[in-house]
Amino acid sequence: MADDSEVVHGYPHLGTARAAITALHKRLSYDGVRAYANSVAPADVAFCDQDDLHLGTQRVAHALVRQLRLPEARMIVSFREMRHAASVELTAGPEYFIELNDRFRRYRRDIGAALAHEITHVLLHRLGLAFSGTRDNEILTDTVTTYLGAGWLLLDAYREDAVSSQKLGYLTPEEFGYVLAKRALLFDEDPSVWFTSPQAYTAYTAGRAQALRDGREPPLAAAGWNGRRRYAKDRRQAQEHPAGRPGGPGPSPGSGSPPGAGLWSPGSAYAFERMPGEGLRVSFPCPTCHQRIRVPVRGRVRARCALCRTVLECDT
């Protein structure tokens, strides 16, 4: 688990985080995701200076094991000097060995955040869910920790002032806020009341604004005027040139557009396509799980995501 002293801001890993949300929905299914409707309670992971270090650590670890629904998983936690904040030894179980940076002996309030990330590694190991490459796999872990109700601890561990800073994990504070807001929108939560760090609250507010924008992108009916105007222009281009934009490229690698799409709009996630024997269709990511949805271009359409079952009002 990374421990960053220099905090990066913004959304450089947003595409990977969105892919992680999709992968989690696919692996757990609709019912599986909803089994995590309740976040871990602050009282269950609270840690004060008067608590016995090892007994308190085991208590918090047990609460996180319950939160992440890991049956028969025993966490053996120790402390030592190390470069990173924490690490876990992934084995067949049922015992898993977690090492925490020795500084957590003094800064106990963040023990829950470090344990949440490492115990999620155990969950992903058992689920057989992984991304290629260390960086993407760690972003997957941060995203899943947050989406399943334990990652608000990671955001709350973010603190920054004029002379020092601390952030645990690989996502930026705003990206943690984004994923946390996605969860909050799905389960109708307000995690902001749990933050003890004012910087965490600010990052959550920024991330929530970004998450809400996902639900206002065309062809969704809630799209704003500028988005609707851009969408209408791209739709007209696709109708006039069925084979794609004359002289233009195919779908951009970063756009999320599927191979073979007839037209993509730079900076937009939607793409138009025409299949043999069918009319024009538009594909776009579900604002809840980011699975791509395809609907016919014929005005007002109600679509239902087959993965997360979100019902979407569209104006195609």
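See the structure printed just above.
So, how was this worked out
Residues numbered from 1 in each chain as written. Predicted model: local features only at pLDDT ≥ 70, side-chain atom pairs only at ≥ 80, totals over all residues. Heavy atoms only, no water. Pairing = 2+ DSSP bridges. Helix = DSSP H or I, 4+ residues; strand = E, 2+ residues; numbered from the N terminus. Axes fitted to C-alpha atoms, helices over the stretch in contact; angles between N-to-C directions. Contact = heavy atoms within 4.5 Å. Parallel < 35°, antiparallel > 145°, perpendicular 65-115°, else oblique. Left-handed = near helix turned anticlockwise from the far one by under 90°. Nonpolar A, V, L, I, M, F, W, Y, C, P; charged D, E, K, R; others polar.

### Considerations on the sheet that holds strand β3 (residues 86-89)
Reasoning step 1: Pairing is mixed in the open sheet, where 3 strands are placed in the order β2-β4-β3. The sheet terminates laterally at β2 (74-80) and β3, the two strands that pair on one side only. Taking the axes of each pair of neighbouring strands and ignoring which way they run, one obtains an average angle of 20 degrees across the sheet.
Reasoning step 2: Of the strand pairs in this sheet, β3 and strand β4 (residues 95-101) are connected by 4 bridges, and their pairing is antiparallel. Paired with S87 across the strands is E99, a residue of β4.
Reasoning step 3: Contacts from helix α4 (residues 111-127) reach β2, β3 and β4, with the element oriented near 145 degrees to β4.

### Quick word on the packing of helix α1 (residues 14-34) against helix α5 (residues 134-147)
Reasoning step 1: Closest axis-to-axis distance for the α1/α5 pair is 9 Å, and the angle between their directions is 50 degrees. Between α1 and α5, the interaxial angle falls into the category oblique. As for the relative orientation of α1 and α5, their crossing is right-handed in sense. In contact with T16, A17, A20, I21, L24, H25 and V33 of α1, α5 contributes R135, D136, I139, L140, T143, V144 and Y147.
Reasoning step 2: Within the contact of α1 with α5, the residues separate by chemical class into 9 nonpolar, 3 polar and 2 charged.

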